[in-house]
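# Survey of secondary and tertiary structure
Chain by chain, the residues run as shown.
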Amino acid sequence: MSVIKILKDYHRGMEIYDECHPTSLRVHIEAFKDEVKEFWHEPNFGEMWDILHQGGRILFYLTKIPFYLIAFPTVHKHSKRFSEYGCIRSRRNCQKNCIDCHEKIIIDS
């Protein structure tokens, strides 16, 4: 998979996810805390990348500079998930409503 395709799928997946799950600084900080807890319970490189990615998402929220790209392994993981089944979340955590929510947003616009 090319880097351009990875980034395209990542950005599309995050756009849809954020439309259906409105974000705020508080939401991003809570997600960061959740990532740290996951790392604490099961330390591994994947969780470290997830912490770095979420930290980058906080900085992006504040500055609009895409710091999250530093955590490319997580960007790639979200891109792959989105291209496979239409959600950036793991199959275990996917609520199966992003595509329906996104379609509703388009229809209501």
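The present account deals with the structure reproduced in this document. (Residues numbered from 1 in each chain as written. Predicted model: local features only at pLDDT ≥ 70, side-chain atom pairs only at ≥ 80, totals over all residues. Heavy atoms only, no water.)

## Quick look at the overall build of the protein chain
Note the following rule: Secondary structure counts use DSSP, requiring at least four H or I residues in a row for a helix and at least two E residues in a row for a strand, with both numbered from the N terminus. Each residue gets one of three labels from its accessible area relative to the maximum for its type: buried under 20%, exposed over 50%, partly exposed in between, using a 1.4 Å probe on protein chains only. Using a 1.4 Å probe, accessible areas were evaluated by the Shrake-Rupley method; residue-level cover was limited to the displayed protein chains.
Helix and strand content of the protein chain: five helices and zero strands. Order of helices (α) and strands (β) in the protein chain, N terminus to C terminus: α-α-α-α-α. In the protein chain, which comprises 109 residues, the proportion classed as buried is 32%. Looking at the protein chain as shown, the accessible area adds up to about 7,300 Å², and 62% of this sits on carbon and sulfur atoms.

## Quick word on the packing of aromatic side chains
We apply this condition: Each Phe, Tyr or Trp ring, with Trp reduced to its six-membered ring, pairs with another whose centre is within 6.5 Å; inter-plane angles below 30 degrees give stacked pairs, above 60 give edge-to-face pairs, and intermediate values give tilted ones.
Enumeration over the complete set of coordinates arrives at two aromatic pairs. Centre to centre, the rings of Tyr10 and Tyr68 are 5.5 Å apart; their planes meet at 35 degrees, and the pair counts as tilted. Highlighted residues: Tyr10 in helix H1 (residues 3-20) and Tyr68 in the loop between helix H3 (45-63) and helix H4 (72-85), separated in sequence by 58 residues. Residue Tyr10 shares its accessibility class with Tyr68, and that shared class is buried. Counting every residue linked through ring pairs, the aromatic cluster contains Tyr10, Phe60 and Tyr68.

## Points about the environment of Asp34
Along the chain, the position of Asp34 falls in helix H2 (residues 25-41). Here Asp34 falls in the partly exposed class, since its relative accessible area comes to 38%. Sequence separation between Asp34 and Gln54 is 20 residues; the distance between their C-alpha atoms is 9.8 Å.

## A word on H3
Quick reminder of the rule: Helix span, expected: 1.5 Å multiplied by one less than the number of residues in the helix. Here a residue-residue contact requires only that any non-hydrogen atoms of the pair lie within 4.5 Å. Think of a polar contact as two N or O atoms within 3.5 Å of one another; within protein, one of them needs to be a possible hydrogen donor and the other a possible acceptor, and neighboring residues in sequence only count if both atoms come from side chains.
For H3, with 19 residues, the first-to-last C-alpha span of 26 Å sits near the 27 Å given by 1.5 Å per residue. Listing the buried residues of H3 in full gives Glu47, Asp50, Ile51, His53, Gln54, Gly55, Gly56, Arg57 and Ile58. In this structure, the buried side of H3 is in contact with H1, H2 and H4. Two to three positions downstream of the cap, the backbone nitrogen of Gly46 sits 2.9 Å from a side-chain oxygen, assigning the N-cap of H3 to Asn44. Of the residues one or two after H3, Lys64 is the one with positive phi, at around 65 degrees.

## Re the pattern of salt bridges
Note the threshold: Whenever a carboxyl oxygen of Asp or Glu lies within 4 Å of a side-chain nitrogen of Lys or Arg, that contact is scored as a salt bridge.
All chains considered together, the criterion is met by five salt bridges. Here Lys5 and Asp9 are joined by a salt bridge, their closest N and O atoms 2.6 Å apart. With Lys5 and Asp9 both in helix H1 and four residues apart, the pair spans about one turn of that helix. Accessibility expressed as a relative area gives 8% for Asp9, which makes it buried.

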